[in-house]
Amino acid sequence: MNRRLNIVGFLIALVLGFPGLALGLEWSGTVTGKASYQFDTSDFDYGVTVNALSTLDMGEGYYLHADLSLKYQDENNFRPFRLNELYLQGSNAPWDRVDFKAGFLELTWGASDVLSPVDVLNPRPFSLSMDSESFKDKIPVPAVDVEWYFSDTWSLELFYQPYFMSNFVPSFVKEQMILGSLASFLPLVPEQTSVTIEETAPAVDFLSPIWAVRTRGSVGNFDVALSFQSGYYLSSFPYRIDVTQGEDGSTSLAVLSGYPRRSILGLEFQGFIEGLEGVTVRGDLAWVFPEPWIQQIFVNGSPVSTASILDEPYWKASLGIDYTHENFYINLNYLLGNPFEEGENISPYLYLVTNWESEDGKWKPFWNSVLSLSDGSMVNILGVEYKPKENWTTSLSYSVSSGAPQSRLGGLSDGIFLEVKYSF
Amino acid sequence: MKNLVVFLTVAFLLWGVLAGQVALGLTAEEILDTMKEKEAHFETQRIQGKMVLTDSKGKSENREVVMYSKDEGDDKTSMIIRFLSPAEVKNVTLLNLKSGEKMYLYMPAFKKVRLIAGSSKKEKFAGTSFSYEDFGESYNREDYESKLLGEDNANYQLELYPKDPESDYAKLVMLVDKEKFYFKKIDFFDKDNNLWKTLEVLKVEEREDGTTRFLEIAFSDLKEGSKTVFTMEKIEENIPLAGDFFSVRTIQKPSL
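One structure accompanies this document, and this report is about it. No experiment lies behind these values; they were computed from the predicted model shown.

**Things to note about the overall build of chain A**
Thinking step 1. Within chain A, the regular secondary structure consists of three helices and 23 strands.
Thinking step 2. In terms of overall size, chain A behaves like a compact globule, its C-alpha atoms giving a radius of gyration of 23 Å where 424 residues would be expected to give roughly 22 Å.
Thinking step 3. Overall size of chain A, expressed as C-alpha extent along the three principal axes, is 70 × 50 × 50 Å.
Thinking step 4. Per-residue burial for chain A yields a buried fraction of 45% across its 424 residues.
Thinking step 5. Considering only contacts in chain A between residues 6 or more positions apart, those separated by 24 or more positions represent 55%.
Thinking step 6. Surface accessibility of chain A: about 20700 Å² in total, with carbon and sulfur atoms responsible for 62%.

Following this line, the structure appears as structure tokens:
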């Protein structure tokens, strides 16, 4: 389904894009070159992304918005040509107090600066990077989003998505995750193990859509939002793993996976407290209600394990406080769960973002750090942004992790990253 | 001839004394009040303009902006400022509600609106020499202790001391046009009483009702050696705006 939608999107983009160019639509965007080197694996990766977006004012409050990207990277090149967004937008249309978007949408929910647990309407492409650019990278979904402003400061938003789309995870990563989950009780040699994964997408259609509702507004010094999402996990969970051991020592794994249902009750807030000059408080809380999910493992046809992967409702959170003084910025977040953790795997982290901007705005050294509060493993990213001239930005950073290989963050490879971006 | 010279001298001196008496008759607070009366008044306003940013090495960058403002009463103004160019800041939009009661920044790349903290108001806005706070500033007797430093034939010179203890500035020295009652230049001094910034009016328009409106201003940061010149190219006044125009909803719109 995902591939078919992408082809449809590609064709729509072609149909609209070329006449758009011919009509002289104004396009803006970025050209971004990235390169990284992983010290542990001596792996050198590189890629270039061209992103172009245009908004056509159709009059009477209606707009057509297109956001396309062409991406080349040396491996795991997820959809080289990507339709990021393509939608019809109504602003004060069709009614004065209503805004809407319909098409392929990327929506951002949540007030917190990093890894909001309520910002899960869009699936995401795979990335091992810990930078903010990677965090905001999303896969658009075919959907309609309508917001009704029933007062000057309060609104009610409805989201309707009739097709399911999942996170993009490369096959080798899925296989590694399966092997990792079995490692504790089944010794497997990766080189002698073959893995086949069959995923079943949930039955989402026009009558059984993914949907969400949110109301938001202001209360004193705070902006708050309360939301409810009814949908599915965006990454698959195995429900049956068949392990077949051959006489020659080889092992084959046949994995059946699905996407459990989930509902999320969310609270977002951002505001400031009188007397705490320069301090802004932001946070998102998500109370997740999962569909119970049982995982069974069979070895040579015999059941050896039945485990409950998802069972009870659980909390995820991103609570942050940021402080700005002159050119110095510090942001400290408490995270309960990262995007890859669900259910009993949820663990706490501290996420620190600091940067300082030079007086002329050209240099910005930064230090980002993630600390797992459950096992003490850590990732530190030191870097600097430099703006040599108008519309050009470069960034060089060094990432180093610490902790045991099996810890939450200790397994991440140390590396150096270079990015050059040009805006047009 | 000698009598004529004496007469003219006496007349000149007398005019000077009278003029001085007029000036002496005006306190600094009254000058500020008169300046306020002489400001062009509007309920709503739309300005399209151009900013030229020059750094300490003399390199210049151009930025186009569109600004909406509304007089909210009680000396408070709500304002929306959107950058139209260059590409790297296109559609970055600031919402300043009631002279800084609440400030929001919309960054299209992140598809979200951020509430800006108090001290962020002192940060520079998108690389200009202006701070967020400078955009919403007005110079009223309610916000400043003021003193008349002196005068000449053309100008008054005032000294203003911010009442807000959180202000970045120890004092402001303001040069006020005696005839039209607008400030020509303001020098901003830091807490150590060193000259930090200057705001100069480069082009002013006097309207039929005797009020004035700035058409070009220059804001210089002397510590950095940077300068921003803002030229207002198209001004529309008292335009109809919806009651909820100055809102986070508006700053996310594709076009303003």
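**Examining the nonpolar core**
Thinking step 1. Counting residues in hydrophobic clusters, the biggest one holds 40 residues, and the most contacted among them are Y139 and M174 of chain B.
Thinking step 2. Looking at this core element by element, the count peaks at four residues for helix 2 (residues 28-38) of chain B.
Thinking step 3. In this view, Y139 of chain B contacts L32, Y144, L160, L172, M174, F183, I186, F188 and L199 of chain B; residues no more than four positions away in its chain are not counted.
Thinking step 4. With 27 residues, the next largest nonpolar core counts W109, L234, W293 and L310 of chain A among its residues.

**Remarks on the interface of chain A and chain B**
Thinking step 1. Contact with chain A, which involves 51 residues of that partner, is made by 33 residues of chain B.
Thinking step 2. For the pair chain A and chain B, the two sides together bury roughly 3300 Å², of which 42% comes from carbon and sulfur.
Thinking step 3. Summed over the shared surface of chain A and chain B, the result is nine salt bridges.
Thinking step 4. With a shortest N-O distance of 3.1 Å, K102 of chain B and D223 of chain A are connected by a salt bridge.
Thinking step 5. On inspection of chain A and its partner chain B, the count reaches 19 residue pairs in polar contact (both at pLDDT 80 or more).
Thinking step 6. Mapped onto the side of chain A that touches chain B, the elements with two or more residues apiece are strand 2 (43-59), strand 4 (81-90), strand 5 (98-105), strand 10 (222-232), strand 13 (261-271), strand 14 (279-290), strand 17 (314-325) and strand 22 (392-402) of chain A.
Thinking step 7. Considering only residue class, the side of chain A that touches chain B consists of 11 nonpolar, 20 polar and 20 charged.

Cut-offs and rules
Residues numbered from 1 in each chain as written. Chains lettered and ligands numbered in written order. Predicted model: local features only at pLDDT ≥ 70, side-chain atom pairs only at ≥ 80, totals over all residues. Heavy atoms only, no water. Helix = DSSP H or I, 4+ residues; strand = E, 2+ residues; numbered from the N terminus. Rg over C-alpha atoms; globule rule 2.2 N^0.38 Å. Buried < 20%, exposed > 50% of the residue type's maximum accessible area, 1.4 Å probe, protein only. Contact = heavy atoms within 4.5 Å. Areas by Shrake-Rupley, 256 points an atom, 1.4 Å probe, with all protein chains shown as cover. Core = buried A, V, L, I, M, F, W, Y, C linked by side-chain atoms within 4.5 Å. Buried area = accessible area lost by both parts, 1.4 Å probe. Salt bridge = Lys/Arg side-chain N within 4 Å of Asp/Glu carboxyl O. Polar contact = N/O pair within 3.5 Å; in protein donor to acceptor, adjacent residues only side chain to side chain. Nonpolar A, V, L, I, M, F, W, Y, C, P; charged D, E, K, R; others polar.

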